[in-house]
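Read off the chains here:
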Amino acid sequence: MKRFLLFLPLLAAIIVGVVLFAGIGKDPTKLDSALIGKPVPAFSLRDLKQPEATLDEAVFRGEITLLNVWGTWCPSCRDEHDDLMWLAREKKVSIIGLNYKDNRDDALVWLDRLGDPYSKVIYDPKGTLGFDLGVYGAPETFVIDASGVVRYRHVGVVNGDVWERVLLPVINDARENG
Amino acid sequence: MLRILCFVVATVASSMTFADVSAVYGFDDRSEEQRYQNLIAELRCPKCQNQNIADSNSPISKDMRNAVYQMMLDGASDQEIVDSLVGRFGEFVKYKPDLDSRTFMLWATPAIAVLGGLIVVAGIVVRSRRTGTAAPTLSAEEQARIDRMLAEKNRNGSA
(Lines give C-alpha, C1' and ligand atoms only; values in the text may rest on other atoms or scores of the structure.)
Protein backbone atom coordinates (compact mmCIF):
# COMPACT_ATOMS: atom_id res chain seq x y z
CA MET A 1 0.00 0.00 0.00
CA LYS A 2 2.75 2.42 1.03
CA ARG A 3 4.75 1.44 -2.03
CA PHE A 4 1.81 2.18 -4.26
CA LEU A 5 1.45 5.66 -2.79
CA LEU A 6 5.02 6.43 -3.82
CA PHE A 7 3.98 6.00 -7.44
CA LEU A 8 1.06 8.45 -7.21
CA PRO A 9 3.08 11.54 -8.24
CA LEU A 10 4.42 9.66 -11.26
CA LEU A 11 0.92 8.56 -12.20
CA ALA A 12 -0.39 12.11 -11.83
CA ALA A 13 2.46 13.43 -13.98
CA ILE A 14 1.72 10.88 -16.70
CA ILE A 15 -1.99 11.75 -16.76
CA VAL A 16 -1.29 15.49 -16.92
CA GLY A 17 1.32 14.83 -19.60
CA VAL A 18 -1.11 12.87 -21.76
CA VAL A 19 -3.81 15.53 -21.43
CA LEU A 20 -1.43 18.37 -22.26
CA PHE A 21 0.20 16.46 -25.10
CA ALA A 22 -3.18 16.00 -26.74
CA GLY A 23 -3.48 19.79 -26.91
CA ILE A 24 -0.12 20.40 -28.61
CA GLY A 25 -0.43 21.58 -32.19
CA LYS A 26 -4.12 22.35 -31.93
CA ASP A 27 -4.92 25.88 -32.92
CA PRO A 28 -7.62 27.15 -30.56
CA THR A 29 -8.45 30.06 -32.86
CA LYS A 30 -9.80 27.67 -35.50
CA LEU A 31 -13.34 26.67 -34.66
CA ASP A 32 -15.45 24.06 -36.36
CA SER A 33 -18.34 25.61 -38.16
CA ALA A 34 -21.73 25.10 -36.57
CA LEU A 35 -23.16 24.71 -40.07
CA ILE A 36 -21.38 21.53 -41.10
CA GLY A 37 -23.96 19.11 -42.47
CA LYS A 38 -26.52 21.88 -42.81
CA PRO A 39 -27.61 23.71 -45.94
CA VAL A 40 -26.29 27.18 -46.67
CA PRO A 41 -28.64 29.63 -44.93
CA ALA A 42 -31.26 31.30 -47.09
CA PHE A 43 -30.25 34.70 -48.41
CA SER A 44 -31.04 37.16 -51.12
CA LEU A 45 -28.22 39.52 -51.97
CA ARG A 46 -26.94 41.47 -54.94
CA ASP A 47 -24.38 40.14 -57.37
CA LEU A 48 -21.15 42.13 -57.02
CA LYS A 49 -20.37 42.08 -60.71
CA GLN A 50 -23.92 42.65 -61.94
CA PRO A 51 -25.53 45.11 -59.54
CA GLU A 52 -29.00 44.50 -60.95
CA ALA A 53 -28.98 40.74 -60.42
CA THR A 54 -29.92 39.02 -57.17
CA LEU A 55 -28.29 35.84 -55.91
CA ASP A 56 -29.73 33.34 -53.47
CA GLU A 57 -28.76 29.98 -51.98
CA ALA A 58 -29.61 28.23 -55.26
CA VAL A 59 -26.20 29.32 -56.69
CA PHE A 60 -24.64 26.50 -54.66
CA ARG A 61 -26.74 23.77 -56.26
CA GLY A 62 -25.41 21.51 -58.97
CA GLU A 63 -21.70 21.24 -58.31
CA ILE A 64 -19.24 21.25 -55.47
CA THR A 65 -18.09 24.80 -54.81
CA LEU A 66 -15.78 26.68 -52.55
CA LEU A 67 -17.35 29.68 -50.86
CA ASN A 68 -14.58 32.15 -50.17
CA VAL A 69 -15.27 35.03 -47.78
CA TRP A 70 -13.12 38.05 -48.59
CA GLY A 71 -12.90 41.83 -48.45
CA THR A 72 -10.50 44.43 -49.74
CA TRP A 73 -9.88 45.50 -46.14
CA CYS A 74 -8.47 42.09 -45.34
CA PRO A 75 -4.68 41.73 -45.84
CA SER A 76 -4.74 37.92 -45.64
CA CYS A 77 -7.26 37.90 -48.49
CA ARG A 78 -4.64 39.59 -50.65
CA ASP A 79 -2.28 36.90 -49.49
CA GLU A 80 -4.42 34.03 -50.68
CA HIS A 81 -5.68 35.68 -53.85
CA ASP A 82 -2.99 34.27 -56.12
CA ASP A 83 -3.65 30.80 -54.75
CA LEU A 84 -7.36 31.18 -55.47
CA MET A 85 -6.44 32.23 -59.02
CA TRP A 86 -4.33 29.10 -59.29
CA LEU A 87 -7.18 26.91 -57.99
CA ALA A 88 -9.65 28.40 -60.43
CA ARG A 89 -7.31 28.21 -63.41
CA GLU A 90 -5.26 25.07 -62.91
CA LYS A 91 -7.58 22.95 -60.80
CA LYS A 92 -10.83 24.12 -62.37
CA VAL A 93 -12.38 24.62 -58.95
CA SER A 94 -15.64 26.51 -58.91
CA ILE A 95 -15.23 29.31 -56.39
CA ILE A 96 -18.04 31.59 -55.31
CA GLY A 97 -16.95 34.73 -53.51
CA LEU A 98 -18.67 36.40 -50.61
CA ASN A 99 -17.57 40.01 -50.58
CA TYR A 100 -17.93 40.66 -46.88
CA LYS A 101 -18.45 44.12 -45.32
CA ASP A 102 -16.82 45.83 -48.24
CA ASN A 103 -17.84 48.37 -50.81
CA ARG A 104 -18.52 47.58 -54.43
CA ASP A 105 -16.13 50.05 -56.06
CA ASP A 106 -13.11 48.88 -54.07
CA ALA A 107 -14.03 45.26 -54.65
CA LEU A 108 -14.37 45.70 -58.40
CA VAL A 109 -11.03 47.52 -58.62
CA TRP A 110 -9.44 44.67 -56.65
CA LEU A 111 -10.80 42.02 -59.03
CA ASP A 112 -9.82 44.09 -62.03
CA ARG A 113 -6.27 44.56 -60.82
CA LEU A 114 -5.54 41.15 -59.27
CA GLY A 115 -7.69 38.92 -61.44
CA ASP A 116 -11.02 37.29 -60.75
CA PRO A 117 -11.05 33.67 -59.57
CA TYR A 118 -14.76 33.72 -58.76
CA SER A 119 -17.55 32.36 -60.92
CA LYS A 120 -19.91 34.61 -58.97
CA VAL A 121 -19.46 37.05 -56.14
CA ILE A 122 -22.19 37.67 -53.59
CA TYR A 123 -22.15 41.27 -52.41
CA ASP A 124 -22.76 41.42 -48.67
CA PRO A 125 -21.87 44.93 -47.50
CA LYS A 126 -23.66 44.60 -44.14
CA GLY A 127 -22.32 41.13 -43.47
CA THR A 128 -25.75 39.54 -43.04
CA LEU A 129 -24.97 36.29 -44.86
CA GLY A 130 -21.56 36.31 -43.24
CA PHE A 131 -23.25 36.47 -39.85
CA ASP A 132 -25.61 33.62 -40.71
CA LEU A 133 -22.61 31.57 -41.81
CA GLY A 134 -20.86 32.25 -38.53
CA VAL A 135 -18.00 34.09 -40.21
CA TYR A 136 -15.82 35.63 -37.52
CA GLY A 137 -12.83 36.68 -39.54
CA ALA A 138 -11.96 36.80 -43.20
CA PRO A 139 -10.65 34.95 -45.04
CA GLU A 140 -12.76 31.88 -44.51
CA THR A 141 -13.42 29.20 -47.09
CA PHE A 142 -16.36 26.80 -47.01
CA VAL A 143 -16.65 23.58 -48.99
CA ILE A 144 -20.23 23.25 -50.20
CA ASP A 145 -21.45 20.09 -51.87
CA ALA A 146 -23.64 19.80 -54.95
CA SER A 147 -26.86 19.85 -52.92
CA GLY A 148 -25.88 23.09 -51.19
CA VAL A 149 -24.84 21.54 -47.87
CA VAL A 150 -21.83 22.89 -45.97
CA ARG A 151 -19.16 20.19 -45.70
CA TYR A 152 -16.24 22.04 -44.20
CA ARG A 153 -15.05 25.47 -43.14
CA HIS A 154 -11.43 26.55 -43.27
CA VAL A 155 -10.48 29.65 -41.29
CA GLY A 156 -7.45 31.48 -42.60
CA VAL A 157 -5.47 31.62 -45.78
CA VAL A 158 -5.89 28.99 -48.50
CA ASN A 159 -2.68 27.95 -50.21
CA GLY A 160 -1.36 24.95 -52.10
CA ASP A 161 -0.65 23.08 -48.91
CA VAL A 162 -4.10 23.71 -47.39
CA TRP A 163 -5.64 22.68 -50.68
CA GLU A 164 -3.77 19.35 -50.84
CA ARG A 165 -4.00 18.50 -47.20
CA VAL A 166 -7.39 19.86 -46.13
CA LEU A 167 -9.76 20.95 -48.87
CA LEU A 168 -9.12 18.32 -51.53
CA PRO A 169 -9.86 15.35 -49.23
CA VAL A 170 -13.15 17.00 -48.17
CA ILE A 171 -14.06 17.64 -51.81
CA ASN A 172 -13.22 14.06 -52.81
CA ASP A 173 -15.32 12.81 -49.95
CA ALA A 174 -18.21 15.04 -51.02
CA ARG A 175 -17.87 13.72 -54.54
CA GLU A 176 -18.00 10.09 -53.46
CA ASN A 177 -20.80 10.49 -50.95
CA GLY A 178 -22.66 13.21 -52.79
CA MET B 1 -0.61 74.23 -17.84
CA LEU B 2 0.21 71.61 -20.45
CA ARG B 3 -0.34 68.94 -17.86
CA ILE B 4 -3.82 70.23 -17.06
CA LEU B 5 -4.62 70.42 -20.74
CA CYS B 6 -3.53 66.81 -21.21
CA PHE B 7 -5.64 65.77 -18.27
CA VAL B 8 -8.72 67.52 -19.65
CA VAL B 9 -8.24 66.03 -23.11
CA ALA B 10 -7.71 62.56 -21.70
CA THR B 11 -10.79 62.83 -19.49
CA VAL B 12 -13.03 64.07 -22.26
CA ALA B 13 -11.68 61.49 -24.70
CA SER B 14 -12.22 58.63 -22.28
CA SER B 15 -15.83 59.65 -21.67
CA MET B 16 -16.31 59.77 -25.44
CA THR B 17 -15.28 56.14 -25.89
CA PHE B 18 -17.52 55.18 -23.00
CA ALA B 19 -20.44 56.93 -24.63
CA ASP B 20 -19.72 55.03 -27.84
CA VAL B 21 -20.17 51.72 -26.07
CA SER B 22 -23.12 52.47 -23.81
CA ALA B 23 -25.29 54.83 -25.81
CA VAL B 24 -25.88 52.56 -28.79
CA TYR B 25 -28.93 50.72 -27.54
CA GLY B 26 -31.96 52.16 -25.84
CA PHE B 27 -34.28 50.18 -23.57
CA ASP B 28 -37.66 51.26 -22.25
CA ASP B 29 -37.27 49.13 -19.23
CA ARG B 30 -34.50 48.82 -16.66
CA SER B 31 -35.00 45.05 -16.35
CA GLU B 32 -34.72 44.64 -20.14
CA GLU B 33 -31.43 46.48 -20.08
CA GLN B 34 -30.25 44.22 -17.27
CA ARG B 35 -31.32 41.19 -19.32
CA TYR B 36 -29.36 42.48 -22.28
CA GLN B 37 -26.28 43.05 -20.14
CA ASN B 38 -26.53 39.53 -18.71
CA LEU B 39 -26.87 38.01 -22.17
CA ILE B 40 -23.90 39.79 -23.70
CA ALA B 41 -21.83 39.01 -20.61
CA GLU B 42 -22.29 35.26 -20.99
CA LEU B 43 -21.76 35.12 -24.75
CA ARG B 44 -18.22 34.67 -25.90
CA CYS B 45 -16.57 36.41 -28.81
CA PRO B 46 -15.42 33.85 -31.41
CA LYS B 47 -12.64 36.10 -32.70
CA CYS B 48 -11.06 37.35 -29.49
CA GLN B 49 -11.39 34.14 -27.67
CA ASN B 50 -11.26 35.01 -24.01
CA GLN B 51 -13.54 37.99 -24.02
CA ASN B 52 -17.29 38.12 -23.82
CA ILE B 53 -19.09 40.14 -26.45
CA ALA B 54 -19.83 42.85 -23.89
CA ASP B 55 -16.11 43.59 -23.45
CA SER B 56 -14.93 42.99 -26.96
CA ASN B 57 -14.68 45.73 -29.52
CA SER B 58 -14.18 43.44 -32.51
CA PRO B 59 -16.61 43.89 -35.41
CA ILE B 60 -18.05 40.42 -34.92
CA SER B 61 -18.88 41.18 -31.28
CA LYS B 62 -20.58 44.35 -32.40
CA ASP B 63 -22.66 42.33 -34.87
CA MET B 64 -23.52 39.83 -32.18
CA ARG B 65 -24.58 42.52 -29.70
CA ASN B 66 -26.67 44.02 -32.44
CA ALA B 67 -28.29 40.66 -33.16
CA VAL B 68 -29.02 40.11 -29.46
CA TYR B 69 -30.63 43.53 -29.27
CA GLN B 70 -32.72 42.99 -32.40
CA MET B 71 -33.91 39.60 -31.19
CA MET B 72 -34.85 41.11 -27.82
CA LEU B 73 -36.90 43.74 -29.62
CA ASP B 74 -38.61 40.93 -31.52
CA GLY B 75 -39.56 39.36 -28.22
CA ALA B 76 -37.24 36.34 -28.27
CA SER B 77 -36.51 34.52 -25.03
CA ASP B 78 -32.97 34.25 -23.65
CA GLN B 79 -32.87 30.61 -24.70
CA GLU B 80 -33.91 31.44 -28.26
CA ILE B 81 -31.31 34.18 -28.53
CA VAL B 82 -28.49 31.96 -27.27
CA ASP B 83 -29.61 29.04 -29.46
CA SER B 84 -29.70 31.23 -32.54
CA LEU B 85 -26.12 32.39 -31.98
CA VAL B 86 -24.94 28.87 -31.17
CA GLY B 87 -26.58 27.72 -34.43
CA ARG B 88 -24.33 30.12 -36.31
CA PHE B 89 -21.10 30.20 -34.37
CA GLY B 90 -21.18 26.91 -32.49
CA GLU B 91 -21.14 25.87 -28.86
CA PHE B 92 -17.97 27.91 -28.46
CA VAL B 93 -19.88 31.16 -27.94
CA LYS B 94 -21.40 29.95 -24.69
CA TYR B 95 -19.34 30.50 -21.58
CA LYS B 96 -21.47 27.84 -19.90
CA PRO B 97 -21.61 24.87 -22.27
CA ASP B 98 -24.42 22.34 -22.03
CA LEU B 99 -23.77 19.09 -20.25
CA ASP B 100 -23.29 16.34 -22.85
CA SER B 101 -20.84 13.55 -23.61
CA ARG B 102 -18.18 15.96 -24.89
CA THR B 103 -18.39 18.41 -22.01
CA PHE B 104 -18.94 15.78 -19.33
CA MET B 105 -15.32 15.81 -18.14
CA LEU B 106 -15.31 19.59 -18.10
CA TRP B 107 -18.24 19.68 -15.71
CA ALA B 108 -17.23 16.60 -13.73
CA THR B 109 -13.58 17.50 -13.06
CA PRO B 110 -14.27 19.81 -10.07
CA ALA B 111 -16.55 17.20 -8.50
CA ILE B 112 -13.97 14.46 -9.12
CA ALA B 113 -11.22 16.60 -7.60
CA VAL B 114 -13.31 17.41 -4.50
CA LEU B 115 -14.37 13.79 -4.16
CA GLY B 116 -10.77 12.60 -4.50
CA GLY B 117 -9.70 15.08 -1.83
CA LEU B 118 -12.46 13.89 0.51
CA ILE B 119 -11.42 10.26 0.00
CA VAL B 120 -7.81 11.10 0.86
CA VAL B 121 -8.86 13.03 3.98
CA ALA B 122 -11.23 10.26 5.03
CA GLY B 123 -8.45 7.70 4.51
CA ILE B 124 -6.06 9.67 6.72
CA VAL B 125 -8.70 10.11 9.43
CA VAL B 126 -9.69 6.44 9.41
CA ARG B 127 -6.10 5.26 9.53
CA SER B 128 -5.10 7.55 12.37
CA ARG B 129 -8.16 6.50 14.32
CA ARG B 130 -7.38 2.83 13.72
CA THR B 131 -3.80 3.19 14.96
CA GLY B 132 -5.18 5.14 17.93
CA THR B 133 -7.53 2.39 19.04
CA ALA B 134 -5.08 -0.32 18.13
CA ALA B 135 -2.68 0.83 20.88
CA PRO B 136 -2.86 -2.02 23.39
CA THR B 137 -4.03 -1.27 26.90
CA LEU B 138 -1.46 -2.05 29.55
CA SER B 139 -1.85 -4.89 31.89
CA ALA B 140 -1.64 -4.21 35.64
CA GLU B 141 1.85 -5.62 35.76
CA GLU B 142 3.08 -3.39 32.90
CA GLN B 143 1.43 -0.37 34.47
CA ALA B 144 3.23 -1.04 37.72
CA ARG B 145 6.51 -1.36 35.82
CA ILE B 146 5.97 1.95 34.05
CA ASP B 147 5.18 3.69 37.33
CA ARG B 148 8.38 2.31 38.76
CA MET B 149 10.44 3.49 35.80
CA LEU B 150 8.93 6.96 35.85
CA ALA B 151 9.49 7.28 39.55
CA GLU B 152 13.10 6.25 39.08
CA LYS B 153 13.57 8.75 36.27
CA ASN B 154 12.13 11.52 38.41
CA ARG B 155 14.48 10.69 41.21
CA ASN B 156 17.48 10.70 38.88
CA GLY B 157 16.38 13.91 37.23
CA SER B 158 15.98 15.79 40.49
CA ALA B 159 19.25 14.46 41.85
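All values derive from a computational prediction rather than experimental measurement. (Residues numbered from 1 in each chain as written. Chains lettered and ligands numbered in written order. Predicted model: local features only at pLDDT ≥ 70, side-chain atom pairs only at ≥ 80, totals over all residues.)

Undergrad: Give a description of the overall build of chain A that names residues and reports values.
TA: Along the backbone of chain A there are six helices and seven strands. Secondary structure of chain A in N-to-C order comes out as α-α-β-β-β-α-β-α-β-α-β-β-α. Its C-alpha atoms give chain A a radius of gyration of 21 Å, more than 25% over the compact-globule value 16 Å for 178 residues. Seen through its C-alpha atoms, chain A measures out along the principal axes to roughly 80 × 35 × 30 Å. Counting only residues that meet the buried cut, chain A has 33% of its 178 residues in that class. The long-range share in chain A, meaning contacts at least 24 apart out of those at least 6 apart in sequence, stands at 74%. (Helix = DSSP H or I, 4+ residues; strand = E, 2+ residues; numbered from the N terminus. Rg over C-alpha atoms; globule rule 2.2 N^0.38 Å. Buried ≥ 20, exposed ≤ 12 C-beta atoms within 10 Å, placed from the backbone. Contact = placed C-beta atoms within 7 Å.)

Undergrad: Outline the interface of chain B and chain A, supporting the account with residue identities and numerical values.
TA: Taken together, the contact pairs 12 residues of chain B with 12 residues of chain A. Put simply, the parts of the chain that give the side of chain B that touches chain A at least two residues each are α3 (59-73) and α4 (78-89) of chain B. With four residues, α4 of chain B is the largest single contributor of residues to the side of chain B that touches chain A.

Undergrad: With reference to specific residues and values, describe the environment of Cys74 of chain A.
TA: All names here are of chain A. If you trace the backbone, Cys74 turns up in the loop between β3 (65-70) and α3 (75-90). For the pair formed by Cys74 and Arg89, sequence separation is 15 residues and the distance between their alpha carbons is 23 Å. Setting aside its immediate chain neighbours within four residues, Cys74 contacts Ala138 and Pro139.

Undergrad: Provide a residue-level description of the domain arrangement of chain B, including the pertinent values.
TA: Where the parts come together, the accessible area they lose is often given as the size of the interface. Looking at chain B, the domain boundaries give domain 1 (29-93) and domain 2 (104-158). Distance from the C-alpha centre of domain 1 of chain B to the C-alpha centre of domain 2 of chain B: 57 Å. (Domains from an automatic or database assignment.)

Undergrad: Residues and numbers for unusual backbone geometry, please.
TA: Residues and elements named next belong to chain A. The peptide bond linking Ala138 to Pro139 adopts the cis configuration, its omega dihedral lying at -5°. Here Pro139 lies in the loop between α5 (128-132) and β6 (140-144). In this structure, Lys92 is a non-glycine residue whose phi angle is positive, near 55°. Take Lys92: it is sitting in the loop between α3 and β4 (94-100).

Undergrad: Quick one: what's the story with the sheet that holds β3 of chain A, residue by residue and with numbers?
TA: Residues and elements named next belong to chain A. Here we have seven strands laid out as an open sheet, ordered β2-β1-β5-β4-β3-β6-β7, and mixed in their pairing. Strands at the two margins of the open sheet, each flanked by one partner only, are β2 (54-56) and β7 (150-155). Shown here is a sheet whose adjacent strand axes are inclined to one another by a mean of 30°, direction ignored. Note: strand β1 (residues 44-47) against β2, three bridges, orientation antiparallel. Looking at the pairing, Arg46 lines up with Thr54 of β2. Contacting β6 and β7, helix α6 (residues 160-176) crosses the sheet at an angle of about 170° to β7. (Pairing = 2+ DSSP bridges. Axes fitted to C-alpha atoms, helices over the stretch in contact; angles between N-to-C directions.)

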